[in-house]
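Chain by chain, the residues run as shown.
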Amino acid sequence: MSAEVMEVGGGSSPSTAVARGRHGTALFWSELHLVFGRARTWVLLGVLAVVPVIVGVAIRLSGSEGDAQGFLGQVAGNGFFLIVASLALSLPFFLPTAVTVISGESLAGEASLGTLRNLLTAPAGRSRLLAAKMVALAVFCLAATLTVWLAGLIAGFVLFPVGDVVLLSGSTVSLADGLVRALGIAVLIAASLIGLAAIGLFVSSLTSTPLAAMAATFSAFIVSGILGAIPQIDVIHPWLLMYGWTSFADLLRDPPYWDEIVRNLLMQGAYLAVFYAAAWARLTSRDING
Amino acid sequence: MGTTRRGRRWLVPVTTVAVVAGVGAFGPVVADASPDLPGITAQDLLAKVQTAKVDGLSGTVRSAADLGLPALPGMEGSQFPDLLSGEHTARVAFAGPDKARVSVLDNMAERVLTTDGKTAWAYDSSEREAVKYVLPARSTKPAQPRPEKDAYDPQAVAKQFLDAIDPTTKVEVTGTERVAGRDAYKLRLVPRTDKTTVGSVTLSIDSKTWVPLDVTVMPRTGDDPAIQVGFSSVSFDVPAASTFAFTPPQGVKVTEETVPAFKPHSVTPPKSVTPKTTPQTPRSGSADDRPDVVGQGWESVVVLHNADLTPGTNGPLDQLLANARTVQGAWGSGKILTSKMVSALITDDDRILIGLVTPDTLVAAAPKAPR
């Protein structure tokens with residue numbers, strides 16, 4: 001926590017100046033500065049960048065084609081698949097953790113530092129503040145998946161031979177086509193994290209303790225995962241946050257299979273709408289002292 | 001800002017939840033309202049279905065099965081016909097008399113089965129293995145590398161139920177609906193016998209091509225479909241010939257088999273979930289291993305021979321058998337396994353009787369079953 005206080009409180013902009021500058025896009029840019037100005041954000045992105053490197057080095061050192069199934073098993077033959085495998089491996093844990101930390105921080109962090117008080121009285125308006133927060137979170141989600149994409153690209157090209165990409169359907173496309181599809185996967189996974197980010201934003205609006213917001217958001221994520229693992233309640237499974245998360249792989253079919261992808265995006269949109277609205281209701285009806 | 005006005009803001013998220021839930025739950029219902037179609041008698045519809053012929057089609061098929069089978073670890077996968085468990089999505093394409101392609105879209109993987117009439121390919125993306133089957137010249141029926149091909153073809157599934165239509169079946173047109181964006185009649189087949197576990201079979205039949213687009217099998221007890229196979233999208237354009245070609249990608253292990261071999265697993269239920277099962281399973285096995293069919297129509301029972309169910313070698317199945325009810329008769333004795341839809345009788349002389357029938361029907365069929 002102390003590092004956090006130094007990071008924000010010791011920044012170049014005192015809280016009054018922050019409040020004054022937050023109009024429209026200025027508000028958004030200052031949010032981005034806030035998110036990406038924290039050492040914590042860069043540590044998280046650094047950890048994500050290490051994932052492909054560790055996976056790649058491990059496969060390289062084990063030396064064999066291995067018996068691994070799916071994307072991991074293809075990495076040794078084609079470095080391209082390190083990108084996809086790393087994204088797939090980061091999805092169940094690393095990426096949600098990063099999003100939980102950043103989103104739990106967003107409002108609760110400012111409340112704990114006292115800066116939220118100024119923001120709530122500022123002329124920019126609370127609705128706009130919330131919008132800027134959400135957009136900044138979305139940008140972080142994208143930054144996180146693109147980090148994995150880029151690290152996977154570099155590690156894959158350095159450690160392994162690369163070549164044409166064999167799709168799930170058994171047909172082969174050029175490496176450039178494959179890289180575009182992998183980029184699409186990174187964007188889709190970022191979009192898959194939006195629902196969780198919205199939950200985090202809402203929880204964050206409820207408390208002035210960032211750690212509590214992070215813990216609660218992560219609990220919601222874990223509970224969703226547990227519910228998804230209980231077969232007896234499979235009627236609710238399609239409504240769970242993570243139900244469509246693996247649909248990104250449908251981009252690697254020939255032709256891509258859009259049904260599940262679209263469904264997942266709609267689902268994330270629904271979570272975003274519900275929890276963003278809840279966060280808005282909370283923030284706009286909240287006392288200035290929180 | 002008064003307290004009431006603040007409280008009212010919470011109506012926004014609450015309304016959002018209601019709208020999302022409403023659209024999610026009832027949106028599809030509204031979109032699938034019954035279309036207006038000219039009336040047709042069950043007999044006319046039946047005749048049209050049985051003579052329906054299309055040169056080719058392609059589309060996406062969704063299947064869901066809940067036969068109430070026990071989930072046995074180790075029995076999933078290739079030994080266990082896909083159709084019999086869980087939900088699946090497959091892309092299908094058919095053309096001419098003998099061209100077919102079925103791609104089962106698994107989670108982050110895909111299994112492709114394709115045949116152009118001369119060769120057939122089975123490709124598994126997760127194993128990165130491809131098997132090439134060189135099919136015999138048209139001496140027999142076009143060979144089927146795996147039974148999945150039929151399992152994902154609503155037309156084939158429907159045909160097997162239509163074949164079962166005889167005086168023991170009540171046939172009626174129960175309305176219209178939209179399936180895969182096309183107007184369809186609903187044809188319902190109800191067995192008149194109570195010896196089967198099948199409550200009813202509903203076919204959704206396209207009003208232009210008379211091709212069945214959806215098959216729903218309801219059990220005698222319960223409200224949830226036991227089997228549902230249907231198109232979620234369909235096109236009746238003949239797919240290009242290249243659709244059915246397959247070039248094994250680099251780095252994939254390719255094995256070649258001349259005889260289309262499908263090794264029946266000893267505890268595998270009948271390949272087609274039909275009352276009148278055509279013994280399509282093993283072509284390579286000896287005559288002794290060939291399954292027989294006892295009984296007719298809805299009461300058909302499939303008999304598998306030489307089932308090797310020595311205790312202690314089948315893992316979880318042993319447990320299941322240990323708890324199973326023992327039945328006896330002049331024919332010998334055996335164990336009865338039952339589920340919502342499927343019943344099986346495993347006799348002490350290594351025969352397995354399986355059918356969509358009640359356990360009593362199985363016992364009655366046991367003396368008639370060849371050894």
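Parameters and conventions
- Residues numbered from 1 in each chain as written.
- Chains lettered and ligands numbered in written order.
- Predicted model: local features only at pLDDT ≥ 70, side-chain atom pairs only at ≥ 80, totals over all residues.
- Pairing = 2+ DSSP bridges.
- Helix = DSSP H or I, 4+ residues; strand = E, 2+ residues; numbered from the N terminus.
- Axes fitted to C-alpha atoms, helices over the stretch in contact; angles between N-to-C directions.
- Buried ≥ 20, exposed ≤ 12 C-beta atoms within 10 Å, placed from the backbone.
- Left-handed = near helix turned anticlockwise from the far one by under 90°.
- Contact = placed C-beta atoms within 7 Å.
- Nonpolar A, V, L, I, M, F, W, Y, C, P; charged D, E, K, R; others polar.
- Expected span 1.5 Å × (residues − 1).
- pLDDT = per-residue confidence, 0-100.
- UniProt positions renumbered as here; feature names shortened; annotations may be inferred.
- Parallel < 35°, antiparallel > 145°, perpendicular 65-115°, else oblique.

Going by what an unreviewed UniProt entry lists, chain B is known as Outer membrane lipoprotein-sorting protein and is assigned to Kribbella caucasensis.

The name that an unreviewed UniProt entry assigns to chain A is ABC-2 type transport system permease protein, with the source organism given as Kribbella caucasensis.

(A) Geometry of the sheet that holds strand S18 (residues 352-355) of chain B. Residue and element names in this part refer to chain B. Strand order in the open sheet formed by six strands is S13-S14-S18-S17-S16-S15, and the pairing between neighbours is antiparallel. One side of each edge strand has no neighbouring strand; the edge strands of this open sheet are strand S13 (292-294) and strand S15 (325-329). Strand-to-strand twist across the sheet, computed as the mean angle between neighbouring axes with direction ignored, equals 25°. As judged from the three bridges shared by S13 and strand S14 (residues 301-304), these two strands associate in the antiparallel manner. Following the sheet pairing, Val-293 is matched in S14 by Val-302.

(B) Fine view of the pairing of strand S3 (residues 99-106) of chain B. S3 of chain B sits mainly inside the fold: seven of its eight residues count as buried. Between S3 of chain B and strand S4 (residues 109-115) of chain B, which follow one another and run antiparallel, lie two residues, and Met-108 of chain B among them has a positive phi close to 55°.

(C) Fine view of the packing of helix H6 (residues 80-90) of chain A against helix H9 (residues 126-159) of chain A. All names here are of chain A. It is at 8 Å that the axes of H6 and H9 come closest, and there the two elements cross at 145°. Crossing handedness for the pair H6 and H9: right-handed. Residue-level contacts link Phe-80, Leu-82, Ile-83, Ser-86, Leu-87 and Ser-90 of H6 to Thr-145, Val-148, Trp-149, Gly-152, Leu-153, Ala-155 and Gly-156 of H9. In terms of residue class, the contact of H6 with H9 is built from eight nonpolar, five polar and no charged.

(D) Structural context of helix H10 (residues 175-192) of chain A. Counted at 1.5 Å a residue, the expected span for H10 of chain A with its 18 residues is 26 Å, and the 25 Å between its end C-alpha atoms agrees. Along H10 of chain A, the residues that are buried comprise Gly-178, Arg-181, Ala-182, Ile-185, Ala-186, Leu-188, Ile-189, Ala-190, Ala-191 and Ser-192 of chain A.

(E) Spatial organisation of the confidence of the model for chain B. Residue and element names in this part refer to chain B. Mean pLDDT over chain B stands at 76; residues scoring 70 or higher make up 76%. The low-confidence segment residues 73-80, where pLDDT is below 50, has eight contacts with residues more than four positions distant or belonging to other chains. Counting contacts from residues 260-287, a segment whose pLDDT is below 50, to residues more than four positions away or on other chains yields 64 contacts. Taken together, the chains of this predicted complex give a pTM of 0.80 and an interface ipTM of 0.79.

(F) Looking closely at the interface of chain A and chain B. Counting residues at the interface gives 22 residues for chain A, matched by 23 residues for chain B. For the side of chain A that touches chain B, the elements supplying multiple residues, two or more each, are helix H5 (70-75) and helix H13 (258-284) of chain A. Element by element, the count of residues in the side of chain A that touches chain B is highest for H13 of chain A, at eight residues. Residues belonging to the side of chain A that touches chain B are distributed by class as follows: eleven nonpolar, ten polar and one charged.

(G) Structural view of the UniProt feature "transmembrane region" (unreviewed entry) in chain A. What UniProt calls "transmembrane region" (unreviewed entry) maps, in this numbering, to residues 42-63, 75-95, 135-162, 182-204, 211-230 and 265-283 of chain A. Between the end C-alpha atoms of residues 182-204 of chain A the distance is 32 Å, and the span holds 96% helix and 0% strand.

(H) Summary view of the packing of helix H4 (residues 39-62) of chain A against H6 of chain A. All names here are of chain A. Relative orientation of the contacting elements H4 and H6 amounts to 120°, with a least axis distance of 9 Å. Considered as vectors, H4 and H6 are oriented oblique to each other. In the crossing of H4 with H6, the sense of the turn from one axis to the other is right-handed. Contacts from Leu-48, Val-51, Pro-52, Val-55 and Gly-56 in H4 reach Leu-82, Ala-85, Ser-86, Leu-89 and Ser-90 in H6. When the residues that make up the contact of H4 with H6 are grouped by side-chain class, the tally is seven nonpolar, three polar and no charged.

(I) Highlighting the environment of Leu-105 of chain B. Within the secondary structure, Leu-105 of chain B is located in strand S3. Residues Leu-105 of chain B and Gly-175 of chain B, spaced 70 residues apart in sequence, show a C-alpha to C-alpha distance of 32 Å. Aside from chain neighbours lying at most four places away, what touches Leu-105 of chain B is Arg-253 and Tyr-257 of chain A together with Thr-89, Ala-90, Arg-91 and Glu-110 of chain B.

(J) Up close: the confidence of the model for chain A. This prediction gives chain A a mean pLDDT of 86; 88% of its residues lie at or above 70. Confidence over residues 1-22 of chain A falls short of pLDDT 50; this stretch has 24 contacts with residues more than four positions distant or in other chains.

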